[in-house]
Number of protein chains: 2
Amino acid sequence: MPKKIGVVLSGCGVYDGAEIHEAVITLLTLDRLEAEAVVCAPDVPQLHVVDHLTGEVVEGETRNVLVESARIARGKIRDVREVPADELDGLILPGGFGAAKNLCDFAVRGPDCSVQEDVARLVREVHRQGKPIAAVCIAPALIARILGDETPELTIGTDAETAAGLEKMGARHVDCPVREFVVDRERKLISTPAYMLAERIGEAADGIEKTVRTLLEMA
Amino acid sequence: MPKKIGVVLSGCGVYDGAEIHEAVITLLTLDRLEAEAVVCAPDVPQLHVVDHLTGEVVEGETRNVLVESARIARGKIRDVREVPADELDGLILPGGFGAAKNLCDFAVRGPDCSVQEDVARLVREVHRQGKPIAAVCIAPALIARILGDETPELTIGTDAETAAGLEKMGARHVDCPVREFVVDRERKLISTPAYMLAERIGEAADGIEKTVRTLLEMA
């Protein structure tokens with residue numbers, strides 16, 4: 001039986017959704033390691049829509065996180081609310097601003113953020129069942145918010161302000177180079193900086209591939 | 001000096017734009033082989049917008065091909081009109097319905113299709129300069145339309161009706177398994193079926209990686 005790994009997306013595009021390269025590299029690595037991806041996203045409106053050519057917010061436009069995430073999943077996606085932890089052997093959250101704007105509001109409220117309820121429920125249940133969880137790029141902020149009382153060891157790369165935000169939520173932050181990853185073996189958490197630091201796609205891919213491999217080893 | 005390869009996108013999402021997996025795997029492979037991607041797209045409206053969750057056309061919504069393609073390119077993208085062939089060592093066109101709906105209208109008009117003028121100009125100039133061109137998934141239809149009078153050897157996989165459409169435009173179609181590719185060495189054209197046949201991302205990736213490697217060898 002192939003291992004089933006939940007992949008939580010947050011839209012489609014680095015500035016208002018899931019980071020597309022991180023999401024696709026995650027899916028490719030899972031497939032090549034013979035795991036099955038259970039792609040899901042919350043059925044909620046995006047915080048906003050950003051024109052990725054200009055970087056500006058588009059006034060008056062709304063898009064739905066689940067519907068846009070379906071672009072990355074080629075339509076094969078489920079509402080995260082309908083994915084039980086029992087079904088999964090592990091979970092991974094790619095990054096992109098969507099992880100900090102749509103899955104939680106860390107981008108707006110920093111360490112005072114709250115996490116979208118369906119995503120929080122799935123993360124909490126997978127963790128309670130002793131299954132591993134990986135978080136890429138800025139997604140560790142969300143893990144820090146949910147599991148901060150267990151002082152999880154996480155990385156978002158080397159950005160001091162973001163790291164301080166994670167620590168304020170209870171995490172211990174570990175600096176990490178772009179092609180590497182950090183494992184908290186006790187709490188079964190894996191994280192990698194990806195585009196928090198990457199200047200080219202191959203750098204992000206190296207760290208994500210190691211992260212996914214470790215996730216599957218622990219699953 | 002790294003080789004510079006133009007990557008022509010057609011939006012962001014398999015049903016109305018560029019196939020996201022194919023585009024990202026193309027960018028990753030170019031980067032790992034030390035080539036520089038010059039990502040570009042035409043500044044035109046999409047044929048339509050498809051809800052990738054339901055598969056239905058969204059009435060009344062319009063999106064721009066260049067703006068949506070910028071999501072895959074993380075904002076680092078140029079209007080294809082402003083990319084001269086002189087600057088490039090080769091060109092690659094990922095697939096997705098966008099290649100047959102936005103870069104040309106093969107999806108609507110079949111072998112009677114015409115190609116978006118800026119894209120046609122770039123393909124023609126790169127080819128005239130003796131530089132290689134790769135086309136993924138359905139994108140060979142566009143190459144057949146532009147270069148059909150040279151009877152190029154191309155593949156779109158094994159679909160008989162689509163293959164007949166390419167032949168009607170002057171191409172010689174060669175059946176090809178999903179993880180492989182077809183090279184027309186005389187005309188410097190490379191093609192691979194990718195999601196015309198792929199049932200999983202790793203299948204598409206194998207063919208695209210071989211295609212990009214061959215493109216760079218010929219560049």
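On to the relation of the copies chain B and chain A. Superposition of the two copies of the chain requires a rotation about an axis together with a shift along that axis. Mapping chain B onto chain A calls for a screw motion: a turn of 180° about the axis and a shift of 0.0 Å along it, with 0.0 Å RMSD after fitting. Expressed as an axis order, the relation between the two copies is that of a two-fold axis. Rotation axis and chain B: the residue whose C-alpha lies nearest the axis is V24 of chain B, separated from it by 3.5 Å. The overlap is high: 100% of the interface residues of chain B also sit at the interface in chain A, so the same surface is used on both sides.

All right, on to the interface of chain B and chain A then. Each partner contributes to the interface: chain B provides 38 residues, whereas chain A provides 38 residues. Counting the surface lost from both chain B and chain A, the interface buries some 3300 Å², and carbon and sulfur atoms represent 53% of this. Salt-bridge contacts for R200 of chain B lead to D31 of chain A; the nearest nitrogen and oxygen are separated by 2.9 Å. Where chain B touches chain A, the interface holds 22 residue pairs in polar contact (both at pLDDT 80 or more). At the level of elements, α1 (20–32), α2 (65–72) and α8 (201–218) of chain B are the ones that each hand at least two residues to the side of chain B that touches chain A. When residues in the side of chain B that touches chain A are grouped by element, the largest group, 8 residues, is from α1 of chain B. Residues that form the side of chain B that touches chain A fall into these classes: 19 nonpolar, 5 polar and 14 charged.

All names here are of chain B. Across the sheet, which stays open at both edges, the 7 strands sit in the order β3-β2-β1-β4-β5-β9-β8 with mixed pairing between neighbours. The two strands at the open ends of the sheet, each matched to only one other strand, are β3 (78–79) and β8 (182–184). Sheet topology note: the strand β2 (residues 36–41)/β3 ladder contains 2 bridges and is parallel. Considered in β3, the bridge of C40 is made with R78. Here helix α5 (residues 117–128) sits on the sheet in contact with β1 (4–8), β2, β4 (90–93), β5 (133–136) and β9 (189–192), set at roughly 140° to β4.

Here is what the cut-offs are and how they apply
Residues numbered from 1 in each chain as written. Chains lettered and ligands numbered in written order. Predicted model: local features only at pLDDT ≥ 70, side-chain atom pairs only at ≥ 80, totals over all residues. Heavy atoms only, no water. Least-squares fit on C-alpha atoms with pLDDT ≥ 70 in both. Contact = heavy atoms within 4.5 Å. Buried area = accessible area lost by both parts, 1.4 Å probe. Salt bridge = Lys/Arg side-chain N within 4 Å of Asp/Glu carboxyl O. Polar contact = N/O pair within 3.5 Å; in protein donor to acceptor, adjacent residues only side chain to side chain. Helix = DSSP H or I, 4+ residues; strand = E, 2+ residues; numbered from the N terminus. Nonpolar A, V, L, I, M, F, W, Y, C, P; charged D, E, K, R; others polar. Pairing = 2+ DSSP bridges. Axes fitted to C-alpha atoms, helices over the stretch in contact; angles between N-to-C directions.

Treat this as a map of the structure, not an account of what it does.
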